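Structural overview
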Amino acid sequence: MLAAAVGAAALYPIAGCGLFGDEEDKSQPPAPDPLAPLLAEALSLASQHEAAIAAFPALAERLTPVAAAHREHATALTKVIKAPAPSASASSASPAPPSGDEKSTLGALRSAEQKGQKSAAQACQAAAAERAALLGSIAAARATHLEVVR
Amino acid sequence: MKPEALSAALEAEHAAIYAYGPIGVRLDNASAADARQAEAAHRTRRDALVLRLTEMGTSPPAAAASYTLPYKVTDRAAALKLATEIEERTAAVWRAALPETTETDRASALAALCDCAVRATRWRRRAGVSPATVPFPGRVT
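First, a word on what this report is: a plain description of the structure on this page. (Residues numbered from 1 in each chain as written. Chains lettered and ligands numbered in written order. Predicted model: local features only at pLDDT ≥ 70, side-chain atom pairs only at ≥ 80, totals over all residues. Heavy atoms only, no water.)

On to the nonpolar core, then. In terms of nonpolar packing, the biggest core is built from 40 residues, with Leu35, Leu38, Leu77 and Leu135 of chain A together with Trp94, Leu98 and Leu110 of chain B touching the most fellow members. Those elements that provide at least two residues to this core are helix 3 (36-55), helix 4 (60-81), helix 6 (102-126) and helix 7 (129-148) of chain A together with helix 1 (3-24), helix 2 (29-55), helix 3 (76-97) and helix 4 (103-127) of chain B. Broken down by element, this core gets its largest block of residues, 8 residues, from helix 4 of chain B. For leucine 135 of chain A, the contacting residues outside a window of four places in its chain are Leu35, Leu38, Leu77, Ala120, Ala123, Cys124 and Ala127 of chain A. With 16 residues, the next largest nonpolar core counts Ala16, Ala35, Leu80 and Leu82 of chain B among its residues. (Core = buried A, V, L, I, M, F, W, Y, C linked by side-chain atoms within 4.5 Å. Buried < 20%, exposed > 50% of the residue type's maximum accessible area, 1.4 Å probe, protein only. Helix = DSSP H or I, 4+ residues; strand = E, 2+ residues; numbered from the N terminus. Contact = heavy atoms within 4.5 Å.)

As structure tokens, then:
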């Protein structure tokens, strides 16, 4: 385990140190995709619903399909962004247990969905043609979540 | 900006308006009120499309005298099923218009897609369909 960690750590400086001048540009991280914030939001929405389900199992029937939809949105966005799949640690790091009771948890989820609907609609409006349909469906899905998250 | 996508949306709106007639008569009072609201929303979209297509110099397709329903609407269950399908179909046509449009036309198409998706969810809830939501409204699978 330690050897593997040391080995991995030792590899990075070699890959990143730009021994060959013409490779230096390639080691620069690419400019973030304009949809990166929407991907982060989809993962955050999924985590918030999952945390609510864990805290209030009675909400599972209502919220499980909503959480699953956000995960599917994240997968689809990852595909069009061509980003590496979000790691398990990145997506499971955030879910703090909801702080209030069931009612206030649902209220917080509704606010998050409303905000998410707006950002997806804005992204759809600004997107190139080939991304517009996916983003439209994500905006519409978030609008429908407000019908069941109550 | 291609008028074909908006013409397709107009034809779907014509069909939706027609279908809400036989749907409405088979519904309970609360659902029938929703059906009237839905029909009014589709009429508003239709009118806006007729104006927009005319403005673009395209002749807006007229409604057919009647449409063949996919099955007989003989009871509440069939009415709720057809209402859901009508909204899903209209959502799909509006979704298809998104890549073909920009600016205000895209904003209208997106608002229409969201409205259809929300109504489909409401009809599924009334029908007791679970889950009442789909991950990608308007996407034809």
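Attention now moves to the packing of aromatic side chains. Residues and elements named next belong to chain B. Counting across every chain of the model gives 2 aromatic pairs over all chains. Ring geometry for tyrosine 18 versus tyrosine 67: centroids 5.3 Å apart, planes at 50 degrees, classification tilted. Residue tyrosine 18 is located in helix 1, and its partner tyrosine 67 is located in the loop between helix 2 and helix 3; the two are separated by 49 residues in the primary sequence. Judged by its relative accessible area of 31%, tyrosine 18 is partly exposed. For tyrosine 67, a relative accessible area of 24% corresponds to the partly exposed category. Measuring from centroid to centroid gives 6.3 Å for tyrosine 20 and tryptophan 123, while their planes differ by 35 degrees, and the two rings are tilted. Here tryptophan 123 lies in helix 4 and tyrosine 20 lies in helix 1, a separation of 103 residues in the sequence. (Phe/Tyr/Trp six-rings, centres within 6.5 Å; stacked < 30°, edge-to-face > 60°.)

Before going further, it helps to examine the side chain of histidine 145 of chain A. With respect to the helices, strands and loops of the structure, histidine 145 of chain A is situated in helix 7. Polar side-chain contacts of histidine 145 of chain A include one of 3.1 Å to the side chain of glutamate 113 of chain A. Those residues in contact with histidine 145 of chain A that sit more than four places away from it in its chain are Val66, Ala69, His70 and Glu113 of chain A together with Thr133 of chain B. (Polar contact = N/O pair within 3.5 Å; in protein donor to acceptor, adjacent residues only side chain to side chain.)

So, on to the packing of helix 7 of chain A against helix 4 of chain B. Axis separation between helix 7 of chain A and helix 4 of chain B bottoms out at 8 Å; the angle between their running directions is 40 degrees. What the angle tells us is that helix 7 of chain A and helix 4 of chain B run oblique. You can see that helix 7 of chain A and helix 4 of chain B cross each other, and the crossing is right-handed. The residues of helix 4 of chain B that touch helix 7 of chain A, namely those facing Ala129, Ala132, Gly136, Ser137, Ala139, Ala140, Ala143, Thr144, Glu147 and Val148 of chain A, are Arg106, Leu110, Leu113, Cys114, Ala117, Val118, Thr121, Arg122 and Arg125 of chain B. Taken together, the residues of the contact of helix 7 of chain A with helix 4 of chain B sort by class into 11 nonpolar, 4 polar and 4 charged. (Axes fitted to C-alpha atoms, helices over the stretch in contact; angles between N-to-C directions. Parallel < 35°, antiparallel > 145°, perpendicular 65-115°, else oblique. Left-handed = near helix turned anticlockwise from the far one by under 90°. Nonpolar A, V, L, I, M, F, W, Y, C, P; charged D, E, K, R; others polar.)

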